[in-house]
Amino acid sequence: MSSPAPDTLLGPADVRELAAALGVRPTKQRGQNFVIDANTVRRIVRTAEVRPDDVVVEVGPGLGSLTLALLETADRVTAVEIDDVLAGALPATVTARLPERADRFALVHSDAMRVTGLPGPVPTALVANLPYNVAVPVLLHMLETFPSIERTLVMVQAEVADRLAAGPGSKVYGVPSVKANWYAEVKRAGSIGRTVFWPAPNVDSGLVSLVRRAEPLKTTASRREVFAVVDAAFAQRRKTLRAALAGWAGSAAAAEAALVGAGVSPQARGEALTVEEFARIAEHKKSLAAGQEK
């Protein structure tokens with residue numbers, strides 16, 4: 001592949017000109033902050049380890065800053081955009097700046113939370129600057145809906161990045177940490193300053209890498225059953241698990257029985273448990289319920 005022209009990617013003036021031509025003002029409602037620095041999007045592509053054979057799905061492409069950088073390297077890029085104006089303009093931006101790669105680009109004009117299929121080959125990677133207000137639910141939806149996604153790199157609010165990558169025992173370990181770990185090995189992959197965005201957000205951003213588990217978690221409980229335990233445990237995170245899981249299990253005694261059966265102290269708190277331990281608790285509730293039905 002020949003090296004891209006210097007003006008392939010969008011700089012600060014390009015982003016503002018495009019936005020002005022479209023009458024676009026970034027909205028807080030959709031968590032929009034457009035990246036205006038070409039070095040940053042190339043860094044994201046490098047950190048994501050995007051390969052020439054990758055089929056990348058991008059959520060919230062905005063004006064196309066990251067999209068163009070992904071198209072320089074990946075085999076194909078499919079962008080999911082909810083905004084009518086941005087979705088309408090992005091194909092023309094791709095054609096104007098990377099005409100030789102335009103046939104490798106597809107746009108899905110939809111809410112990412114409602115996407116259940118994508119055109120073309122199945123995605124192998126997810127790389128996105130996720131809108132801050134919906135970052136976690138969108139990430140979890142995409143990982144669940146597209147099991148072919150092996151590698152993910154998302155840019156999110158720094159605080160959210162910390163939560164996603166936190167391990168048991170951390171003060172910020174919680175529902176996002178456990179649910180992300182159900183699917184993947186999760187780690188912090190860098191920080192992004194505020195000045196590379198327009199408008200500059202009043203919070204820092206972080207990169208999170210998620211590499212899908214080679215083998216799914218071994219458990220007889222379903223994802224929904226495990227996630228129900230997680231939600232209950234952290235809904236009242238200051239309570240012991242015996243108390244926090246009483247409603248989920250039907251009673252405090254039933255919660256204690258499931259916990260003891262799973263080898264977890266009833267006096268422990270959710271923030272101390274791994275995703276494997278949550279799965280065991282869900283399994284033991286099922287086995288106890290099955291025993292009662294006999």
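Because the structure is a prediction, the values reported are computed rather than measured.

Participant: How should the environment of Ser 265 be read in this particular structure?
Facilitator: With respect to the helices and strands, Ser 265 occurs in the loop between α11 (252-261) and α12 (275-293). Residue classification places Ser 265 among the partly exposed positions, given a relative accessible area of 39%. It is 9.1 Å that separates the C-alpha atoms of Ser 265 and Thr 240, two residues lying 25 residues apart in sequence.

Participant: How do you make sense of α11 when you look at a structure like this?
Facilitator: Each α-helix turn comprises 3.6 residues. Residues three or four places apart therefore point the same way. For α11, every residue scored as buried is listed here: Ala 255, Ala 258 and Leu 259. The arc enclosing the buried residues of α11, seen along the axis, measures out at 100°, which places them on a common side. A positive phi of about 75° marks Gly 263, the residue just after α11.

Participant: Any chance you could explain the pairing of strand β5 (residues 125-129) here in plain terms?
Facilitator: The side chains of a regular strand alternate, residue by residue, between the two faces of the sheet. Counting buried positions over the 5 residues of β5 gives 5, a clear majority of the element. Where strand β2 (residues 55-59) and β5 come together, 2 bridges link them in parallel fashion. In the sheet register, Val 56 faces β5, and the bridge partner there is Ala 125. Note that β5 and strand β6 (residues 151-157) share 5 bridges and pair parallel. Following the sheet pairing, Ala 128 is matched in β6 by Val 154. Chirality of the crossover, the property in question, places the unit of β5, helix α5 (residues 135-145) and β6 among those that are right-handed.

Participant: Explanation requested: the pairing of strand β3 (residues 76-81) in the structure shown.
Facilitator: Burial analysis of β3 places 5 of its 6 residues in the buried class, which makes it a mostly covered element. With 5 bridges joining them, β2 and β3 adopt parallel strand pairing. For Val 57, the partnering residue across the bridge sits in β3 and is Thr 78. In this fold, the crossover linking β2 to β3 by way of helix α3 (residues 65-73) has right-handed handedness. Pairing analysis gives 5 bridges linking β3 to strand β4 (residues 105-109), with the strands arranged parallel. Paired with Ala 79 across the two strands is Leu 107, which belongs to β4. Regarding the hand of the β-α-β motif, the stretch spanning β3, helix α4 (residues 84-97) and β4 is right-handed.

Rules of the game
Residues numbered from 1 in each chain as written. Predicted model: local features only at pLDDT ≥ 70, side-chain atom pairs only at ≥ 80, totals over all residues. Heavy atoms only, no water. Helix = DSSP H or I, 4+ residues; strand = E, 2+ residues; numbered from the N terminus. Buried < 20%, exposed > 50% of the residue type's maximum accessible area, 1.4 Å probe, protein only. Arc of directions from axis to C-beta. Pairing = 2+ DSSP bridges. Right-handed = clockwise from strand over helix to strand, strands pointing away.

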